[in-house]
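Fold and contact review
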Amino acid sequence: MTTAEKKAQGIEPALRARDLTKVYRTGEVEVHALRGVSLDLYPADLVALLGPSGSGKSTLLNILGGLDQASSGESWFNGQLVSKLDDRALTRYRREHVGFVFQFYNLIPSLTASENVALVTEIAPHPMPADDALRLVGLEERLNHFPAQLSGGEQQRVAIARAIAKQPELLLCDEPTGALDSQTGVLVLEAIERIHAELGTTTVLITHNAVIADMADRVLVMGDGQIVEERENPERRRARDLRW
Amino acid sequence: MSPLNRKLTRDLWKMRGQVIAVAAVIASGVAVLSMSLSTTEALSETAHAYYERYRFAHIFGRVQRAPEHLADRIRLLPGVQAVTTRVVKTAILDIADFSEPVIGQFASIPERGEPELNLLALRAGRLPQAGRPDEAVLSEPFAEAHGLVPGDRLRAILNGHWRELEVVGLALSPEYVYTIGPGALMPDDRRFGVIWMGREALQGAFDLDGAFNDFSVGLLRGMDPEPVIRQIDELLANYGGTGAYERANQLSNWFLMNEIRQLKTMSSILPVLFLAVAAFLTNMVLGRLITVERAEIGLLKAFGYSNFEIGLHYVKLTVAIACIGIVLGWIAGYWFGLANTRVYAEFYRFPFLLYEPGPNAFMLAAGASMIAALLGTISTVQAVAALPPGEAMRPPSPTMFRRSGLSKLALFQALDQPTRILLRQLGRWPLRSLVTSGGIGMAIGVLIISFQWLDAINRMIDVYFLQAQHNDVTVGFGEVRPASAELALAGMTGVITTEPMRAVATKIRFGSREERKLIQGVPARQNLHHVFDVDGHAVDLPPGGLVISTILGELLDAGTGDILTVEVLEGRRPTRQVPIVAMFETYIGSPAYMEIAALNRLMGEAPAINTVHLRTDPLYRAALFRKLKEIPAVSSLNLKEAAVTTFRDTMAESMLIFISFFVVFAGTLAFGVTYNAGRITLSERGRELATLRVLGFTRAEISYILLGEIGALTLVALPLGCAIGYSLALLISGAFKTELFRVPFAILPDTYGLSILIVVGATAVSAFVVRQRLEHLDLIAVLKTRE
């Protein structure tokens, strides 16, 4: 179902943002990272956020994920006003609803793959078994390996398993292939694609690589803190067909 | 300023918390060392100057009664520069508003002009005038203890006659820096005081007209006192001379020198501990700094900076931190030293105080801590040199962890992930963990050895006073009395039982060793004043030989079965061969005992005594004291209860200041170690903790990982610290062995508990401070950068 169809059927957006701005003050310089961003993300959307460095993609993702607060504007998740939550409530929001994947995997080196995932399943309300999550990203053979014993692509897939093990409604991926070569990157994207298909998680994928945006339902192009273009991909390309 | 130096100043500022923590530990070491050294220096310089200015004699001695003209014969001996003869006697005093007996030591001073030796430092009023036999000068601490000032009056029994004396002045004397009464262990200014009166007045009072019973001799510079002492002893043998002795054996000086020696021991052991910890902390901080600065180091190398230049940069950092510590330590050491010296000056009465610490103490402390800090830098500089520029520019790969056998245990499987993180971190760097625990343990150890002093004192009191002595009053006679004198006392109202003692002044020789010693004659089986071994049993005296303390055995290098030569210095002055029949261990003094009948036989005299121990009924005690004071033969009265109180107070007073310093220092130590460990963990693991926050962990949950590590290290430190304290206490109780005291090795459970409590408190404070930093953990910045 396309976004337009979801809208037409009267499905409420899972995530709604209106006029988000973000101003950083570094010393005497003001940086306008976001200049009034509004968007709706519908359940089971796979959206690519495309744009050059410094266009505000990560800032937007951090605000949507409850890692950062907007200077003005509002955002709602399932009807709940996220932009006004305090630190404690934001922690609960991340804990219960949001999964993150970063460019640098940020695994805990002292925990095995399976334990890194269990880190999340232990505190989430409705998690899947940690090993199932790892199976979803094709790492059932590497459960008891420590991060130092895994390749970059494998580490990133552990990070994805960790993000989705709680069965989040929202999966936010910030340049998940940024540190990987294209072949390994494809494996990681396939994992994201498979999870999106099997779990129906609303997924936002940040990339500055236009090729990767082809695997999304919808592409939001950012520039200078604003969404400068929004388009629907008439046909999603399979991750395994992507080359860059 | 070169860019590297600018980086240095900014690094120092950036790490100010850790810099201060390390500097504080260095400062502690410098402060303790410079305090101990400057106090020792001040005490010894003050004593030296006091002795010099007030012409403290080199040789001292007593006789029964010698005609005045003998003074001129002594003066003619080669090497003698000056001679002062005096009348010195003890007597009972009666002081208004103080019911207990007070003993006065009366010493004569010339009515005209000043004495050649042992000058008085007049503190108030004036000296007695000729023709006014009732004028007296009191020792200042004694007058202060009783609130007496010039113009006041007091009563004394001089040779059996009540005399009313007028206080005309207050003074101090180099002879009585440490004022200790007969039979006492500690100065007690309320119960013992020195009173100076005109020579003619005292000669009249004690029937010594034209004679003296005490003398002091000053020697020409550099003279050996031994030959002079021998000649004086020959000269005075027929006048009841009990043997001249040199300054080193003069009671007050002996105590003072003992104290200075103890201080020196203290300054050689404890600061070493602090400096060792400072070196370790410097190493820890710098080591982690390098890990954090890998990229910068690689960059500098890529630009062409040499290993030497970069190494020097980190050495400079250490030097800067050490300098901050040294300056702080100097300031603290100066003030502590001054405060400490003042306490000593209060205790040992000096008319002036020379606290002008030379640069030596401070330079030594600075040098030692600088070396310690630089030692802590060596491995860091080596690590910098070993870092290849290319390698340094790449992010380090994730730390290698392995599943240990422990991980497979069911117990481990039951643990949650944060606990696993915590345990694996500790297990990954066991040495580092152990060293951190060691640092915290060191703080506990320092506290244990500080508080252990109080345990030791209590143990000494328990054994020496409470277990061994069942008498409550000890009566001393000025002269030897027939054994019947005991019966007279036993018949007095309020006396429950009595036990006689006779003390005889002797010289004991074995091989080339010689000791002046009072041999105490006591019943074979004592019921009041026991010859008591530290093991807790009374020693019965076998007939016909000496029972000596092990410390005396060491001084003489003699053991059980050896035959000693005993030269008696009173009565008929016989010299006899006496075997050692038993030895026993004591904490206080170096006594020698003999069965009283055997001692009297050795003297060739009829049964005689000069001391009686009494057990009295508290109900009648006040009346008994009043009566005892009236007995002319009684020259001293000692109360056990007062002795215990004085002993405890004196020890506590001189120890308390040290103990409180050490509590502060140990707190600093514990804080410094845990604060640094916490900050370093935070900087190394900030990324991990931020990741957990992103994953939805609360601040409390990630605090558990950070503080749990500190907690676990502290937990390991507790038994470790107790073991360190135990070993150090053992070391110190061995090091503080003097002729006067052997510090017992005794640590009560309370001491362990209190030490642990203080360190846990300091650790909790530092953990709290580190925890505050979690509030400012920047989630986004941490995640956007690579490691």
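If you're wondering where the values come from, they're calculated on a predicted model, not measured in any experiment. (Residues numbered from 1 in each chain as written. Chains lettered and ligands numbered in written order. Predicted model: local features only at pLDDT ≥ 70, side-chain atom pairs only at ≥ 80, totals over all residues. Heavy atoms only, no water.)

1. Brief notes about the overall build of chain A
The line we're drawing: Strands are runs of DSSP state E lasting at least 2 residues, helices are runs of H or I lasting at least 4, and numbering of each runs from the N terminus. Just to be clear, the radius of gyration here is over C-alpha atoms, and the globule rule we use is 2.2 Å times residues to the power 0.38. Partly exposed residues are those whose accessible area sits between 20% and 50% of the maximum for their type, while under 20% is buried and over 50% is exposed, using a 1.4 Å probe and protein chains only. We call two residues in contact when some of their heavy atoms are within 4.5 Å. With residues, only the protein chains shown are counted as cover, and all accessible areas are computed by Shrake-Rupley using a 1.4 Å probe. Asp and Glu count as negative and Lys and Arg as positive, but His and the ends of the chain are not part of the count. Every charge is mapped onto a representative atom, which is NZ of Lys, CZ of Arg, CG of Asp or CD of Glu.
A count of helices and strands for chain A gives eight helices and 10 strands. The globule rule puts the C-alpha radius of gyration for 244 residues at 18 Å, and the 17 Å found for chain A is close to it. Over its C-alpha atoms, taken along the principal directions, chain A stretches across nearly 45 × 40 × 40 Å. Within chain A, buried positions represent 58% of all 244 residues. Long-range contacts, defined here as pairs at least 24 residues apart, represent 71% of the contacts in chain A between residues at least 6 apart. Entry remark: accessible area of chain A is about 9,900 Å², with carbon and sulfur atoms responsible for 45%. Charged side chains in chain A number 26 positive and 34 negative. The centres of these two groups are separated by 1 Å.

2. A word on the packing of helix 21 (residues 699-735) of chain B against helix 22 (residues 749-774) of chain B
All names here are of chain B. How we decide: Axis lines are fitted to C-alpha atoms, over the contacting stretch for helices. Their N-to-C directions set the angle, which ranges from 0 to 180 degrees. Our angle categories are set so that under 35 degrees counts as roughly parallel, over 145 as roughly antiparallel, 65 to 115 as roughly perpendicular, and the remainder as oblique. Helix crossings fall into two classes, left-handed where the near helix is turned counterclockwise from the far one by less than a right angle and right-handed where it is turned clockwise. Put simply, Ala, Val, Leu, Ile, Met, Phe, Trp, Tyr, Cys and Pro go in the nonpolar bin, Asp, Glu, Lys and Arg in the charged bin, and everything else, Gly too, in the polar bin.
Interaxial distance between helix 21 and helix 22 falls to 10 Å at its minimum, and their mutual angle equals 155°. Taken as axis vectors, helix 21 and helix 22 run roughly antiparallel relative to one another. Considering how the two elements wind past one another, helix 21 and helix 22 form a crossing that is right-handed. Residues Arg 699, Ile 702, Ser 703, Leu 706, Leu 707, Ile 710, Thr 714, Leu 718, Cys 722 and Tyr 726 of helix 21 pack against Tyr 752, Ile 756, Val 760, Thr 763, Ala 767, Val 770, Arg 771 and Leu 774 of helix 22. Along the lines of polarity and charge, the residues of the contact of helix 21 with helix 22 split into 13 nonpolar, three polar and two charged.

3. Considering the nonpolar core
For clarity, the cut-off: Only buried residues count toward a nonpolar core. Its members are Ala, Val, Leu, Ile, Met, Phe, Trp, Tyr and Cys residues joined through side-chain atoms within 4.5 Å.
Residues Leu 256, Phe 350, Phe 647 and Phe 741 of chain B are the most contacted members of the largest nonpolar core, which totals 87 residues. Listed in part, the 52 residues of the second largest apolar core include Ala 89 and Met 222 of chain A together with Tyr 675 and Val 694 of chain B.

4. Comments concerning helix 20 (residues 640-694) of chain B
Residue and element names in this part refer to chain B. Defined as follows: For a residue, the bend is simply the angle between two axes, fitted respectively to the seven-residue segment ending there and the seven-residue segment starting there.
Residue Arg 685 marks the point of greatest curvature in helix 20, where the axis turns by about 65°. Counted residue by residue, helix 20 has 40 buried out of 55 residues, so it is predominantly covered. With its phi angle positive at about 110°, Gly 696 sits one or two positions after the end of helix 20.

5. A look at the pattern of salt bridges
Put simply, the rule reads: Salt bridges, as used here, are contacts in which a Lys or Arg side-chain nitrogen is within 4 Å of a carboxyl oxygen on Asp or Glu.
Enumeration according to the criterion identifies 50 salt bridges over all chains in this entry. Its salt-bridge partner being Lys 22 of chain A, residue Asp 68 of chain A comes within 3.3 Å of it at the nearest N-O pair. One end of the pair, Asp 68 of chain A, is in the loop between helix 2 (57-64) and strand 4 (72-77); the other, Lys 22 of chain A, is in strand 1 (residues 15-26), with 46 residues separating them in the sequence. Like Asp 68 of chain A, the residue Lys 22 of chain A is buried in the burial classification. A single salt-bridge network, built from bridges that share partners, covers Asp 87 of chain A together with Arg 693, Arg 699, Arg 771 and Glu 775 of chain B.

6. Notes on the interface of chain A and chain B
Much of the literature gives interface size as the accessible area that the parts lose upon coming together. Let me state the cut-off plainly: Once two parts are brought into contact, the accessible area they lose, counted with a 1.4 Å probe and summed over both, makes up the buried area. Distance and chemistry together define a polar contact, namely a pair of N or O atoms within 3.5 Å, with one atom able to donate a hydrogen and the other to accept it when in protein, and with adjacent residues in sequence counting only for side-chain atoms on both sides.
On the side of chain B, 33 residues touch chain A, which itself brings 32 residues to the contact. Between chain A and chain B, roughly 3,000 Å² of surface is buried when both sides are summed, and carbon and sulfur atoms account for 60% of that area. Counting every contact that joins chain A to chain B gives five salt bridges. Summed over the shared surface of chain A and chain B, the result is 12 residue pairs in polar contact (both at pLDDT 80 or more). Every element with two or more residues in the side of chain A that touches chain B is listed here: helix 2, helix 3 (87-97), helix 4 (113-121) and helix 6 (152-164) of chain A. Residue composition of the side of chain A that touches chain B, by class: 14 nonpolar, nine polar and nine charged.

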